Amino acid sequence: MNQMPYQWTSAPDETPQQMRLWPHQSLPPRGMAAFVLATFTMILIPVITLLGSPVLWGLLPFALLAVWGMYFALQRNHHALKIEEVLTLDDEAARLTRTDPSGAVREWDCNRYWTTITKYEKDGPVPHYVTLKGMGREVEIGAFLSEDERVALYDELQRAWRR
């Protein structure tokens, strides 16, 4: 059974209930360094045969650019891992707090009774787009989750709202 990138941090019968959501974190910093080094090594293997040739100086910038591009993409992904969403449900209110990688905090809250949980099968930007709607605002929850995880999250939220 796969571990979902969200969990309830309180028991179902406790008030308030709290769910924490986070992006997958499958590549630790050491793994990233090893991957970049392995990529650099694999790119250099064909370049080594060109040592002493003027063609080396034509290919070397592109090889280094490829390694830099890989490193830059992995750094951006690592930075995005700082996203965190916390959904808090008490007897009367629902509150969603999202912390972005920059540290900016965005909040949404609504009377729990008037909150609508919606899963857009095909009408959203991605399949199984899950939103909370209330107080004239609709916010996405779990934007970083996979399709299957959003389906499971929707079912989990439906159960939580019925409690």
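For the structure, see preceding data.
Since the model is a prediction, treat every value here as computed from it, not as a measurement. (Residues numbered from 1 in each chain as written. Predicted model: local features only at pLDDT ≥ 70, side-chain atom pairs only at ≥ 80, totals over all residues. Heavy atoms only, no water.)

A. Quick peek at the pattern of salt bridges. Counting across every chain of the model gives 8 salt bridges. In this structure, the salt-bridge partner of E84 is R20, at a minimum N-O distance of 2.4 Å. Remark: R20 occurs in strand β2 (residues 17–21) and E84 occurs in strand β3 (residues 84–89); sequence separation between them is 64 residues. The class of R20 is partly exposed, set by a relative accessible area of 30%. Of the charged contacts, one joins E85 and R98 as a salt bridge, the two residues approaching to 2.9 Å between their closest N and O atoms. One end of the pair, E85, is in strand β3; the other, R98, is in strand β4 (residues 93–99), and 13 residues separate them in sequence. We note that E85, like R98, is buried. Residues participating in the shared-partner salt-bridge network are E85, R98, D100 and R106. (Salt bridge = Lys/Arg side-chain N within 4 Å of Asp/Glu carboxyl O. Helix = DSSP H or I, 4+ residues; strand = E, 2+ residues; numbered from the N terminus. Buried < 20%, exposed > 50% of the residue type's maximum accessible area, 1.4 Å probe, protein only.)

B. Here's a closer look at the sheet that holds strand β8 (residues 137–140). With antiparallel pairing, 3 strands are arranged side by side in an open sheet as β6-β7-β8. Taken across any chain shown, the strands that pair with only one partner, and hence form the sheet edges, are β6 (116–120) and β8. Shown here is a sheet whose adjacent strand axes are inclined to one another by a mean of 30°, direction ignored. Where β6 lies against strand β7 (residues 129–134), 5 bridges are found, and the strand directions are antiparallel. Residue pairing in the sheet places Y120 in a bridge with Y129 of β7. Sitting on the sheet, helix α3 (residues 147–162) touches β6 and β7, and the angle it makes with β6 is about 160°. (Pairing = 2+ DSSP bridges. Axes fitted to C-alpha atoms, helices over the stretch in contact; angles between N-to-C directions. Contact = heavy atoms within 4.5 Å.)

C. Main features of the nonpolar core. By size, the foremost hydrophobic cluster in this structure holds 23 residues, and its most contacted members are L21, L87, L132, I141, L153, L157 and W161. Of all the secondary-structure elements, those providing two or more residues to this core are β2, β3, β4, β5 (105–111), β7 and α3. When residues of this core are assigned to their parent elements, the largest contribution, 6 residues, is made by α3. If near-sequence neighbours (up to four positions away) are discounted, W161 is found in contact with L87, L89, A94, R112, T115, I117 and L132. (Core = buried A, V, L, I, M, F, W, Y, C linked by side-chain atoms within 4.5 Å.)

D. Structural detail: a nonpolar patch on the surface. On the surface, a nonpolar cluster with roughly 490 Å² of combined accessible area is contributed by F62, L65, W68 and F72. Its place among the elements puts L65 in helix α2 (residues 54–80). (Patch = residues over 30% accessible without salt bridge, like charges linked within 9 Å, V, L, I, M, F, W, Y side chains within 5 Å. Areas by Shrake-Rupley, 256 points an atom, 1.4 Å probe, with all protein chains shown as cover.)

E. How the structure looks around the environment of L96. Turning to its location among the elements, L96 is positioned in strand β4. Residue classification places L96 among the buried positions, given a relative accessible area of 5%. L96 has contacts with E85, V86, L87, R106, E107, W108, L132, V139, E140 and I141, leaving out every residue within four places of it along the chain.

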